[in-house]
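# Architecture at a glance
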Amino acid sequence: MRPPSYHIVVLPGDGIGPEVTREAVRVLEAAAEAFGFRMTTEVHPVGGAAIDARGDPLPAPVQQACLQADAVLLGAVGGPSWDHLDRAQRPEAGLLRLRKALGAYANLRPVQVPEALAEASPLKRNIVAGTDLLIVRELTGGIYFGEPRGQDHRRAWNTMRYTREEVARIARVAFTWAKRRRGRVASVDKANVLEVSQLWREVVAQVHREEFPELELEHYYVDNAAMQLMRDPRRFDVVVTGNLFGDILSDLAATLPGSLGMLPSASIGRRVGLFEPVHGSAPDLAGQGKANPLGAILSAAMLLETLGQEAAAQAIRRGVETALAEGVKTADLCWAGERPVSTEVVGQFIANYVRQQTPVTP
Ligand code: IPM
Ligand code: MN
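Residues numbered from 1 in each chain as written. Chains lettered and ligands numbered in written order. Predicted model: local features only at pLDDT ≥ 70, side-chain atom pairs only at ≥ 80, totals over all residues. Heavy atoms only, no water.

### Considerations on the nonpolar core
Counting residues in each nonpolar core, the largest one holds 94 residues, and the members touching the most others are Val-136, Phe-175, Leu-304 and Ile-350. Here this core takes ten residues from helix α1 (residues 17-35), the largest share from any one element. Each of domain 1 (1-110 + 259-362) and domain 2 (132-255) accounts for three or more of the residues forming this core. Sequence-distant contacts of Ile-350, that is, excluding residues within four places in its chain, are made with Val-27, Leu-294, Ile-297, Ile-316, Gly-319, Val-320 and Ala-323. (Core = buried A, V, L, I, M, F, W, Y, C linked by side-chain atoms within 4.5 Å. Buried < 20%, exposed > 50% of the residue type's maximum accessible area, 1.4 Å probe, protein only. Helix = DSSP H or I, 4+ residues; strand = E, 2+ residues; numbered from the N terminus. Domains from an automatic or database assignment. Contact = heavy atoms within 4.5 Å.)

As structure tokens, then:
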């Protein structure tokens, strides 16, 4: 039998994006070797890098390549050199267009606090240790995309808008994950103020009642959810919310493991998924070998899981745990007295770990 073969489009992007994706690709290559699948990669510019090279944050051929890939691995986009551009010309616009083009409406952002990291958290160990939650963020709707939007010399306006169908499909994703996990969904909205949130709440409750009555559903207002995430993060299993609230809550949740650099994400909808760390391009860190590649490496694990390579994905996750337990980590995860290692050393450690997992079967 021929080994399965995957074609991955890699979009390093800006700032620390290239450094962290390089390590993620290193780990993917090690996984391919150890677990007996083939992988081809194709690298393209996106965001600011694509603006500089081709005058467009998502050039048409790049979008085309993504649509034809088996999966897309992205670093990060944005930076001060492009901040003066109009919204539609900015690096971020390229990323938003890509999510839309891929139909990637479900953004999965798992947040875990392994024992080895509880000390790196700005919160107390007894509050955060053992946290294991999954943020399911709606990614192609809401105020990010709602019309009308615009501005004139006096005002600016945006529209937060959801259809029943958009809410129902993201709710199904959340319940389906909850079923595989601890069976609990927290839906986050602002239904005490916003009509769009009242619809959100009503539709999530209906999907629960009609399709997943065996699971537990709670509703939170977003302000309270933010507080509970810090006070008692272990109460959460799956958190489902709209685009803007999900953006904010996921950065907030990133304080739990102590660094935004840890968090991976998968954006799924149609055939091709988009996998990217939650962190941004961190221009101040770029090019110094200081960036934490774990968000990107764990995104690569999510990519492999989505392609059906679960054993390889597990091996990568164990590699990450081992690196943390042995203190092989970048400065963002170190506390007083600990010695940080470089981005590359972390990547090499995990790649070596993965390569030793399973003997290659001829
Ligand atoms: C994220 C980022 C993006 C978002 C930006 C870069 C457009 O913050 O993936 O969370 O707001 O979705
Ligand atoms: Mn964000």
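### A short note on helix α10 (residues 294-306)
With 13 residues, α10 extends 18 Å between its outermost C-alpha atoms, agreeing within 8% with the 18 Å of an ideal straight helix rising 1.5 Å per residue. Most of α10 is tucked away, with eleven of its 13 residues classed as buried. Of the residues making up α10, those classed as buried are Leu-294, Gly-295, Ala-296, Ile-297, Leu-298, Ser-299, Ala-300, Ala-301, Met-302, Leu-303 and Leu-304. Downstream of α10 by a residue or two, Gly-308 has a phi angle that is positive, lying close to 95°. (Expected span 1.5 Å × (residues − 1).)

### Things to note about the site of ligand 1
Neighbouring residues of ligand 1: Glu-92, Arg-99, Arg-109, Arg-137, Tyr-144 and Asp-247. Within the side chain of Arg-99, a nitrogen or oxygen atom sits 2.7 Å from an oxygen atom of ligand 1. Taking Asp-247, its side chain carries an N or O atom lying 2.9 Å from an oxygen atom of ligand 1. Look at ligand 1: alone it shows 320 Å² of surface, and the protein chains cover 79% of it. Tallied by class, the residues present in the shell around ligand 1 amount to one nonpolar, no polar and five charged. Counting contributing residues per domain, the shell around ligand 1 is built from domain 1 (1-110 + 259-362) and domain 2 (132-255), each supplying no fewer than three. (Near = heavy atom within 4 Å. Polar contact = N/O pair within 3.5 Å; in protein donor to acceptor, adjacent residues only side chain to side chain. Areas by Shrake-Rupley, 256 points an atom, 1.4 Å probe, with all protein chains shown as cover. Nonpolar A, V, L, I, M, F, W, Y, C, P; charged D, E, K, R; others polar.)

### Some thoughts on the packing of aromatic side chains
The tally for this structure, following the rule as stated, stands at four aromatic pairs. Ring centres of Phe-175 and Phe-212 lie 5.1 Å apart, and the angle between their planes is 20°; this geometry places the pair in the stacked category. Highlighted residues: Phe-175 in helix α6 (residues 164-180) and Phe-212 in the loop between α7 (195-211) and β9 (216-221), separated in sequence by 37 residues. On the basis of relative accessible area, Phe-212 is assigned to the buried category, the value being 8%. (Phe/Tyr/Trp six-rings, centres within 6.5 Å; stacked < 30°, edge-to-face > 60°.)

### Examining the environment of Ala-296
Inspection of the secondary structure puts Ala-296 in helix α10. Between the alpha carbons of Ala-296 and Ala-24 there is a distance of 5.7 Å; along the sequence they are 272 residues apart.

### Points about the side chain of Ser-187
Within the secondary structure, Ser-187 sits in strand β8 (residues 184-189). A distance of 2.9 Å separates the side chain of Ser-187 from the side chain of Trp-200, its partner in a polar contact.

### Quick look at the packing of helix α11 (residues 310-325) against helix α12 (residues 343-355)
Orientation of α11 relative to α12, taken along the N-to-C sense of each, is 130°, at an axis distance of 9 Å. Relative to α12, the element α11 lies oblique. Here α11 and α12 pass one another in a crossing that is right-handed. Touching Ala-315, Ile-316, Arg-318, Gly-319, Val-320, Thr-322 and Ala-323 of α11 are Phe-349, Ile-350, Tyr-353 and Val-354, all from α12. A class-by-class count of the residues in the contact of α11 with α12 yields eight nonpolar, two polar and one charged. (Axes fitted to C-alpha atoms, helices over the stretch in contact; angles between N-to-C directions. Parallel < 35°, antiparallel > 145°, perpendicular 65-115°, else oblique. Left-handed = near helix turned anticlockwise from the far one by under 90°.)

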